[in-house]
Amino acid sequence: MADDRISLVFAALADPTRRAILTRLTEGDATVAELAEPFDMSQPAISRHLKVLERAGLISRSRRATARLSHLEAEPLREVITWLARYQRFWDESHERLDELLAALQGDRKNGTGRG
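So, here is what we can say about the structure in this document. For clarity, every value in this text was computed on a predicted model and none was experimentally measured.

**Things to note about a positive patch on the surface**
A cluster of basic residues, Arg-48, Lys-51, Arg-63 and Arg-68, forms a positive patch at the surface. Tracing the chain through its elements places Arg-63 in strand 2 (residues 59-64).

What follows is the structure, encoded as structure tokens:
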């Protein structure tokens, strides 16, 4: 089930408009009109983006008087970061091996045993 949510989060983050909406929501809750303001698209188009973000669990929506506010929900991002962290070890080890190889090649050149 967590993998399904991670897929939804990645799909939601794949769109630059949705990423920009999430960035805006780090400043606080906003209405559809406020979220639509910087974009050259209609409020219904922004609403469709908000539905994708809501389905991924990245935002929640509530009503205040007649306004419908969107609120950032960051927990799914933590789940994605945890999933991605598994690959950090792979990259760290790969970089360490590359550093060792470069050091060995530089040592060979200094000692005159290199091919350069």
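**Focus on the pattern of salt bridges**
Applying the stated criterion to the full structure yields 3 salt bridges. In this structure, Arg-5 and Glu-79 form a salt bridge, with 2.4 Å as the shortest nitrogen-oxygen distance. With Arg-5 in helix 1 (residues 2-13) and Glu-79 in helix 5 (residues 75-110), this residue pair connects regions lying 74 residues apart in the sequence. Taking relative accessible area as the criterion, Glu-79 reaches 25% and is therefore assigned partly exposed. Measuring nitrogen to oxygen at the nearest pair gives 3.2 Å for the salt bridge that ties Glu-75 to Arg-78. Within this pair, Glu-75 and its partner Arg-78 are both found in helix 5, separated by 3 residues, close to a single helical turn.

**Some remarks on the side chain of His-49**
Counting through the fold element by element, His-49 comes out in helix 4 (residues 43-55). Of the residues examined, His-49 reaches a relative accessible area of 13% and is grouped as buried. Filtering out sequence-adjacent residues up to four positions away, His-49 remains in contact with Asp-15, Thr-17, Arg-18, Ile-21 and Met-41.

Conventions and cut-offs
Residues numbered from 1 in each chain as written. Predicted model: local features only at pLDDT ≥ 70, side-chain atom pairs only at ≥ 80, totals over all residues. Heavy atoms only, no water. Patch = residues over 30% accessible without salt bridge, like charges linked within 9 Å, V, L, I, M, F, W, Y side chains within 5 Å. Areas by Shrake-Rupley, 256 points an atom, 1.4 Å probe, with all protein chains shown as cover. Salt bridge = Lys/Arg side-chain N within 4 Å of Asp/Glu carboxyl O. Lys, Arg positive; Asp, Glu negative; His and termini not counted. Charge placed at Lys NZ, Arg CZ, Asp CG, Glu CD. Helix = DSSP H or I, 4+ residues; strand = E, 2+ residues; numbered from the N terminus. Buried < 20%, exposed > 50% of the residue type's maximum accessible area, 1.4 Å probe, protein only. Contact = heavy atoms within 4.5 Å.

Keep in mind these values describe shape, not function.
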